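Architecture and fold: a report
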Amino acid sequence: MSDIEQNVFNVLQRHPFCSAVLVAYKLELPIAKVQATMNQLIDRGILIPQCSNYSNPI
């Protein structure tokens, strides 16, 4: 993983944000870059979308 991928992944492990905006704010990175990185991680199966299903909250 690249540094940005690792940083995004680490933030999402600690804070399962639904939004790239919040991750971008936390990492002080452009939103588009964070969104693209999240999509790459999801496509590669490294990251599981956290908020795809809210119909069953615990």
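Residues numbered from 1 in each chain as written. Predicted model: local features only at pLDDT ≥ 70, side-chain atom pairs only at ≥ 80, totals over all residues. Heavy atoms only, no water.

1. A look at the packing of helix α2 (residues 20-27) against helix α3 (residues 31-43)
- Direction vectors running N to C along α2 and α3 enclose 115°, while the axes themselves pass 8 Å from each other. As for the relative orientation of α2 and α3, their crossing is right-handed in sense. Contacts from Ala20, Val21, Val23 and Ala24 of α2 reach α3 at Ile31, Val34, Gln35 and Met38.
- Of the residues belonging to the contact of α2 with α3, the class tally is seven nonpolar, one polar and no charged. (Axes fitted to C-alpha atoms, helices over the stretch in contact; angles between N-to-C directions. Helix = DSSP H or I, 4+ residues; strand = E, 2+ residues; numbered from the N terminus. Left-handed = near helix turned anticlockwise from the far one by under 90°. Contact = heavy atoms within 4.5 Å. Nonpolar A, V, L, I, M, F, W, Y, C, P; charged D, E, K, R; others polar.)

2. Quick look at the confidence of the model for the protein
- Of the residues in the protein, 84% reach a pLDDT of 70 or more, and the chain-wide mean stands at 84.
- Contacts of residues 53-58 to residues separated by more than four positions or lying in other chains number one contact, the stretch itself having pLDDT below 50. (pLDDT = per-residue confidence, 0-100.)

3. Quick notes on the side chain of Thr37
- Tracing the backbone shows Thr37 in helix α3.
- Take Thr37: its relative accessible area is 4%, and that puts it in the buried class.
- Of the polar contacts made by the side chain of Thr37, one reaches the backbone oxygen of Lys33; its length is 2.8 Å.
- Once you skip the residues sitting within four places of it in the chain, Thr37 turns out to touch Ile4, Glu5 and Val8. (Buried < 20%, exposed > 50% of the residue type's maximum accessible area, 1.4 Å probe, protein only. Polar contact = N/O pair within 3.5 Å; in protein donor to acceptor, adjacent residues only side chain to side chain.)

4. Overview of unusual backbone geometry
- Phi angles above zero are rare outside glycine, and Glu28 is one such case at about 55°.
- Inspection of the secondary structure puts Glu28 in the loop between α2 and α3.

5. Re the pattern of salt bridges
- Summed over the entire model, instances satisfying the criterion amount to one salt bridge.
- For Glu5, the salt bridge identified is with Arg44, shortest N-O distance 2.7 Å. Highlighted residues: Glu5 in helix α1 (residues 3-14) and Arg44 in the segment after α3, separated in sequence by 39 residues.
- On the basis of relative accessibility, which here comes to 6%, the residue Glu5 falls in the buried class.
- With a relative accessible area of 46%, Arg44 lands in the partly exposed category. (Salt bridge = Lys/Arg side-chain N within 4 Å of Asp/Glu carboxyl O.)

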